Amino acid sequence: MTMLLIVLIALIVAVPLIAIPVGAFAIMKLQRRVIDKVSNVALEQRLHREGVATTAQVLDAADTGGRIDAIYLLVRLRLQIAAADGVEGFVAEIVAALSPVRVAQIVPGATVKVRVDPLSREVVLDQPRT
């Protein structure tokens, strides 16, 4: 009887000590995947490797109210993309994750570096978030 009681107490104490960190790790991993999806990490990586480098003039910038990692602001940008190698000029709207410091620099009339997929016309900023 005492052996059963000792085993039960050990399980009551040990299971939460193992389950809570494992569950927290799984939640953090899932959260990272969602953040990567929202911030278009895969698109950014692909266009930084394969996209055509050009510039764009900021036509409009607006905070979406979204945040990533409680630091980066999700900002909706309307950009006039400049013509470049195989890419005609066009207007694009993107959502970019920017640090509060960068947001102050991304204002209407500013010129930013971008990467463009000539076929799909997908656009990402060609600069770090910081």
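Attention in this report is confined to the structure presented alongside it. (Residues numbered from 1 in each chain as written. Predicted model: local features only at pLDDT ≥ 70, side-chain atom pairs only at ≥ 80, totals over all residues. Heavy atoms only, no water.)

**Description of the environment of Gln 57**
Quick reminder of the rule: Helix and strand labels come from DSSP, where a helix needs a run of H or I of at least four residues and a strand needs a run of E of at least two; each type is numbered from the N terminus. Whether a residue is buried, partly exposed or exposed follows from its accessible area with a 1.4 Å probe, protein chains only, as a fraction of its type maximum: under 20%, in between, or over 50%, in that order. Residue contacts follow a heavy-atom distance rule, with two residues in contact if any of their heavy atoms lie within 4.5 Å.
Considering the arrangement of structural elements, one finds Gln 57 in strand E1 (residues 52-68). By relative accessible area, which is 38% here, Gln 57 ends up partly exposed. For the pair Gln 57 and Val 91, spaced 34 residues apart in the sequence, the C-alpha separation amounts to 9.5 Å. When sequence neighbours within four positions are dropped, the list of residues in contact with Gln 57 reads Arg 78, Leu 79, Gln 80, Gly 109 and Ala 110.

**Some remarks on the nonpolar core**
Quick reminder of the rule: Grouping buried Ala, Val, Leu, Ile, Met, Phe, Trp, Tyr and Cys residues that are joined through side-chain atoms within 4.5 Å yields what is termed a nonpolar core.
Judged by nonpolar contacts, the single largest core of 21 residues is most densely connected at Leu 77, Leu 79, Ile 81, Val 112, Val 114, Val 123 and Leu 125. The contact partners of Val 123, leaving out residues within four places of it in the chain, are Leu 47, Leu 79, Ile 81, Phe 90, Ala 92, Ile 94, Val 114, Arg 115 and Val 116.

**Here's the deal with the side chain of Thr 54**
Applicable threshold: Side-chain atoms alone can form a polar contact between residues adjacent in sequence; in general such a contact is a pair of N or O atoms within 3.5 Å, and within protein one must be able to donate a hydrogen while the other accepts it.
Structurally, the position occupied by Thr 54 is in strand E1. Reaching out from Thr 54, the side chain makes a polar contact with the backbone oxygen of Ala 82 at a distance of 3.0 Å. Aside from chain neighbours lying at most four places away, what touches Thr 54 is Ile 81, Ala 82, Ala 83, Ala 84, Val 112, Lys 113, Val 114 and Val 116.

**Re the pairing of strand E2 (residues 72-81)**
When a strand is regular, its side chains alternate between the sheet's two faces. The condition that has to hold: Here, a strand pair is defined by DSSP locating no fewer than two bridges between the strands.
Counting buried positions along E2 gives seven out of ten residues, so the element sits mostly inside the fold. In the sheet, E1 pairs with E2 via nine bridges, with the strands oriented antiparallel. Bridge pairing in E2 places Asp 63 opposite Val 75. Hairpin remark: E1 followed by E2, antiparallel, with three residues in the connecting loop; positive phi at Asp 69, about 55°. As judged from the nine bridges shared by E2 and strand E3 (residues 90-98), these two strands associate in the antiparallel manner. Across the sheet, Val 75 pairs through a bridge with Ala 96, a residue of E3.

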